[in-house]
Amino acid sequence: MERVVSGIRPTGNLHLGNYFGAVRAFTQMQHEYDCSFFIADWHSLTTHPRPEDIVRNTYTILAEYLACGIDPERATIYIQSDVPEVLELYLYLNMNAYLGELERTTSFKEKARQQPDNVNAGLLTYPSLMAADILIHRGVKVPVGKDQEQNMEMARKFARRFNTIYGVDYFVEPQSYSLGEKALKVPGLDGSGKMGKSEGNCIYLKDDEKTISKKVMKAVTDSGPTEPNSPKPEVIENLFTFMELVSTQETYDYFNERYADCSIRYGDLKKQLAQDINAYCAPIRERIAELSADTDFLSRVAREGAERARERARQTIDEVRHIIGFRARQ
Ligand code: TRP
C-alpha cells in the first residue's frame, strides 16, 4: 500500500471548513492507503516558544480527529514529539540544506516579517523538519493545501540531494496529493467565500446547538429575489452550498423552489440550516466530549501510534546511518 503522510498544525479546534476540506477525506484515505497522521507540535515551537498547555491541546486535537473517524487501528496517528527519530533525520537533512534556499522560502520571509524579534533557526529550517516528517516514513503522497507547495518542493529537493550526495537511490520524492473531489469548500456565512480561522467565521465541531443557531441566524443575506428565476448572489449561493453539505435533497429543493418563485423567507431557511448543521455535528460533538473525557484512552492511542511510527522510523534511521557511514544504533 502506498504511504501517505500528513502533519496536523496544532492550532485550535476543528471547524466545518477543516472537516469537509480535509479531515473527512483523511478518514476515506485510511481505507486506501497506509496512512500516518501526526500532530506537529515541534513545528509550533517556531512561532510559539512557550505553548500554554501543549499536552492538553494535542489531546484535544487527537480527540477531534478520532471523533471525525480517524481509526487508530487503520491509520497511524501520533504526536510528532513522541518520535525522536525524526530529529536525527532532521539533523542529516539540515547538513545538506543551504542557508540561501532556506532564506528564500516565502513562509520564512513572511514569518520573519511577522516576528522580527524571533527569527530563529527553527523557523529557517521548518522545511527540513517537514521533510524529515515525511521521509522518515518514506512517504510518497502528502495531502496538503496549496500553501504548502513550496515546503513540498523543498522536501523533494532534500530527498534528491541526499540520494545524489551519497550515491544512492534511497528516498523517493514525495508528491503533494490533491484531495480533489474529496475536498469540499465550505463557504463563510458572513459573506466571505470561505470558512476559515483567520476569517473568524467558523462553526466549530464542538459548538453546541445554541452556538450553531446563533452563528447561522447571523448569516448575511440580501433583501430577497424580486424576479422569478433570478440568479443567486454570492451570499445566498453560500447558504445553498452549505445546505448541499448538511441537508437532504428535499430540503434543498424546497428552498430552491421558494427562491425561484420569490416566496422564500431567509429566516426559515436559516432555521432549517441551523437544524441540519446541528444534526450533522451532534454525533461528532458527542464523540468529542466522550473522548476528551477519556484521557487514558487518548494516551493509549498516542502511545501505540508512536510505537508504530517509531518502528518504521528506526528502520529508516538505521538505513540512513548505514548509507552515511555511521554505525547502526545499538
Ligand atoms: N506545514 C504543515 C502545515 O502548516 C504541517 C506539517 C508539518 C506537515 N509537517 C508536515 C504536513 C509533514 C505534511 C507533512 O499545514
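Model, not experiment: these values are computed from the prediction.

**Quick word on the domain arrangement of the protein chain**
At step 1: Split by domain assignment, the protein chain resolves into domain 1 (3–184 + 294–324) and domain 2 (209–289).
At step 2: Taking only C-alpha atoms into account, the centre of domain 1 sits 36 Å from that of domain 2.
At step 3: Tallying the contact residues gives 9 residues for domain 1 and 9 residues for domain 2.
At step 4: For the pair domain 1 and domain 2, the summed buried area comes to about 750 Å², and 82% of that belongs to carbon and sulfur atoms.
At step 5: When the buried surface of domain 1 facing domain 2 is broken down by residue, L16, F20 and A67 rank first, second and third, together holding 58% of it.
At step 6: Connecting domain 1 to domain 2 are 0 salt bridges.
At step 7: At the boundary of domain 1 and domain 2, one finds 0 residue pairs in polar contact (both at pLDDT 80 or more).
At step 8: When residues of the side of domain 1 that touches domain 2 are traced back to their parent elements, those giving at least two are α1 (16–32) and α3 (54–68).
At step 9: When the residues that make up the side of domain 1 that touches domain 2 are grouped by side-chain class, the tally is 7 nonpolar, no polar and 2 charged.

**Focus: the state of the cysteines**
A covalent bond between the sulfur atoms of two cysteines is referred to as a disulfide.
At step 1: Counted according to the given criterion, the structure contains 0 disulfides.
At step 2: Left unpaired, C35 is separated from the closest cysteine sulfur, that of C68, by 15 Å.
At step 3: When its relative accessible area of 0% is taken as the criterion, C35 is described as buried.

**So, helix α13 (residues 266–293)**
At step 1: End to end, α13 covers 39 Å across 28 residues, agreeing with the expected 40 Å (1.5 Å per residue, within 8%).
At step 2: The largest bend in α13 is about 40°, located at C281, with the proline P283 one to four residues further on.

**Some details on unusual backbone geometry**
Keep in mind that most residues, glycine aside, have a negative phi and that most peptide bonds are trans.
At step 1: Phi angles above zero are rare outside glycine, and N229 is one such case at about 55°.
At step 2: Tracing the chain through its elements places N229 in the loop between α10 (209–217) and α11 (234–246).
At step 3: On the basis of relative accessible area, N229 is assigned to the exposed category, the value being 63%.
At step 4: Backbone geometry places C262, a non-glycine residue, at a positive phi of 65°.
At step 5: A relative accessible area of 26% means that C262 is categorised as partly exposed.

**Description of the packing of aromatic side chains**
At step 1: Under the definition given, this model contains 13 aromatic pairs.
At step 2: With 5.8 Å between their ring centres and 75° between their planes, Y33 and Y177 make a pair best called edge-to-face. Of the two residues, Y33 is situated in the loop between α1 and β2 (34–39) and Y177 in the loop between β5 (175–176) and α10; the sequence distance between them amounts to 144 residues. When sorted by exposure, Y33 lands in the same class as Y177, which is buried.
At step 3: Measuring from centroid to centroid gives 5.6 Å for F240 and Y252, while their planes differ by 85°, and the two rings are edge-to-face.

Quick notes on the rules
Residues numbered from 1 in each chain as written. Predicted model: local features only at pLDDT ≥ 70, side-chain atom pairs only at ≥ 80, totals over all residues. Heavy atoms only, no water. Domains from an automatic or database assignment. Contact = heavy atoms within 4.5 Å. Buried area = accessible area lost by both parts, 1.4 Å probe. Salt bridge = Lys/Arg side-chain N within 4 Å of Asp/Glu carboxyl O. Polar contact = N/O pair within 3.5 Å; in protein donor to acceptor, adjacent residues only side chain to side chain. Helix = DSSP H or I, 4+ residues; strand = E, 2+ residues; numbered from the N terminus. Nonpolar A, V, L, I, M, F, W, Y, C, P; charged D, E, K, R; others polar. Disulfide = S-S within 2.5 Å. Buried < 20%, exposed > 50% of the residue type's maximum accessible area, 1.4 Å probe, protein only. Expected span 1.5 Å × (residues − 1). Bend = angle between axes of the 7 residues up to and from the residue. Phe/Tyr/Trp six-rings, centres within 6.5 Å; stacked < 30°, edge-to-face > 60°.

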